[in-house]
Protein chains: 2
Amino acid sequence: MNLGRLNHVGVATPDIDTAIAFWRDTMGATIVSEPFDMPAQGVRVCFVDTPNGGTQIELISPLDESSPLTGFLERNPLGGQHHMAFEVPNIEAARAEFEAEGKRILGPTRIGAHGTPVFFVHPKDMNGTLTEIMETPAHG
Amino acid sequence: MNLGRLNHVGVATPDIDTAIAFWRDTMGATIVSEPFDMPAQGVRVCFVDTPNGGTQIELISPLDESSPLTGFLERNPLGGQHHMAFEVPNIEAARAEFEAEGKRILGPTRIGAHGTPVFFVHPKDMNGTLTEIMETPAHG
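These figures come from a predicted structure and were not determined experimentally.

S.K.: Before we move on, could you go through the relation of the copies chain B and chain A and cite the residues and values that matter?
M.R.: Each copy superposes on the other: chain B lies on chain A with an RMSD of 0.0 Å after a rotation of 180° and an axial shift of 0.0 Å. Viewed as a symmetry operation, the transformation between the two copies matches a two-fold axis. Most of the interface of chain B is mirrored in chain A, where 100% of its interface residues are also at the interface.

In structure tokens form, the structure reads like this:
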């Protein structure tokens, strides 16, 4: 595949409201989306815009104890960088390429926080980085 | 301060040549800078460009056992996301603001991999993310 746009950096946090306050007050962010729940993924999500149409920061917090973030936050109680998400023009073609390389894909392709199909590739097959591959949003 | 451009995501790796091969072959990167040593920081560095002038990936590997990356790689033997770097127009003003907030700044301001002054803020004061603040490069 061809490397696509770095759409967002996923940053896990135990409490999304505290994290939003940090990004507004300490980091000086001015555009932060309203948080919303993604029950199928077990997370609450919002996006912090960076200037000049740059890569977004995706803040994610667990919805409950069964969230896939729970283990990460046990190891990193303050939160921290959790994944990177790259855009591709065609999600099926990208999935086939990663599968052909023997990369472990975590679960089925599903609809992500931007409303386009996404999948995640295991960090152990990706030099230690949990990697989200997402179809480019229409506005992107 | 006002949130600046997300200049790069720093990704630690035990072996920079293996990491470059991964970014070229698996992720499809086409523009990867020549690696160079930064002895004062104890790291070897190169940059992977993402499309449309997007945020770069900074690959960093330890120069030797005394590198500040050694502890991170002991905890994360495959490597992984290590820091995020945001641009500011004036490094002295930014440093004064973080100091006034009581954030722990790691060492003196020094010249970073893009040739402009940078400093790092302790992840424990930054919601778990080691944060680099860098003066905007001239071309940026």
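This is not the end of the story, as more comes after the structure.
S.K.: I'd like a description of the environment of Glu74 of chain A, backed by residues and values.
M.R.: Within the fold, Glu74 of chain A resides in helix 2 (residues 69-75). The spatial distance from the C-alpha of Glu74 of chain A to the C-alpha of Pro14 of chain A is 9.7 Å, given a sequence separation of 60 residues.

S.K.: Describe the interface of chain B and chain A, with residues and values.
M.R.: Opposite the 41 residues of chain B that make contact, chain A presents 42 residues. Where chain B abuts chain A, roughly 3,200 Å² becomes buried across the two surfaces, and 63% of that area is made up of carbon and sulfur atoms. Considering only the side of chain B, the residues that lose the most area to chain A are Leu3, Gln81 and Asn127 of chain B, jointly responsible for 23% of the buried surface there. Our enumeration of links across chain B and chain A arrives at 10 residue pairs in polar contact (both at pLDDT 80 or more). Within the residue set of the side of chain B that touches chain A, elements represented by two or more residues are strand 1 (6-12), helix 1 (16-25) and strand 5 (80-88) of chain B. Considering each element in turn, the side of chain B that touches chain A owes the most residues, six residues, to strand 5 of chain B.

S.K.: How would you summarise the side chain of Gln41 of chain A if you had to cite specific residues and measurements?
M.R.: Residues and elements named next belong to chain A. Summarising the element assignment, Gln41 is placed in the loop between strand 2 (36-38) and strand 3 (43-48). Overall, the relative accessible area of 13% leaves Gln41 in the buried class. The residues contacting Gln41, other than those within four sequence positions of it, are Pro68, Arg110 and Ile111.

S.K.: Account for the sheet that holds strand 3 (residues 43-48) of chain B, with residues named and values stated.
M.R.: All names here are of chain B. A sheet is described by the order of its strands in space; here eight strands give the open sequence 2-3-4-1-5-8-7-6, paired in mixed fashion. This sheet does not close on itself; its edge strands, each paired only once, are strand 2 (36-38) and strand 6 (110-111). As defined by bridge partners, strand 5 adjoins strand 8 (residues 131-135) across five bridges and the pair is classed as parallel. From the neighbouring strand, Met84 faces strand 8, where its bridge partner is Thr131. Of the strands in this sheet, strand 3 and strand 4 (56-62) touch helix 1, which is tilted by about 155° from strand 4. Relative to the sheet, helix 3 (residues 91-100) contacts strand 5, strand 7 (117-121) and strand 8, its axis offset from that of strand 7 by approximately 15°.

S.K.: Account for helix 3 of chain B, with residues named and values stated.
M.R.: Residue and element names in this part refer to chain B. Regarding helix 3, the residues found buried are Ile91, Ala94, Arg95 and Phe98. Across the axial projection of helix 3, the buried residues extend over an arc of 100°, all falling on one side. Exposed positions of helix 3 whose direction lies more than 90 degrees from the buried face are Glu92 and Ala100. At its buried positions, helix 3 is contacted by strand 5, strand 7 and strand 8. Sitting at the amino-terminal end of helix 3 is Asn90, which places a side-chain oxygen 2.9 Å from the backbone nitrogen of Glu92. A positive backbone phi angle near 80° is found at Gly102, which sits one or two residues after helix 3.

Cut-off values and rules
Residues numbered from 1 in each chain as written. Chains lettered and ligands numbered in written order. Predicted model: local features only at pLDDT ≥ 70, side-chain atom pairs only at ≥ 80, totals over all residues. Heavy atoms only, no water. Least-squares fit on C-alpha atoms with pLDDT ≥ 70 in both. Contact = heavy atoms within 4.5 Å. Helix = DSSP H or I, 4+ residues; strand = E, 2+ residues; numbered from the N terminus. Buried area = accessible area lost by both parts, 1.4 Å probe. Polar contact = N/O pair within 3.5 Å; in protein donor to acceptor, adjacent residues only side chain to side chain. Buried < 20%, exposed > 50% of the residue type's maximum accessible area, 1.4 Å probe, protein only. Pairing = 2+ DSSP bridges. Axes fitted to C-alpha atoms, helices over the stretch in contact; angles between N-to-C directions. Arc of directions from axis to C-beta.

Purely geometric stuff here, so don't read any function into it on its own.
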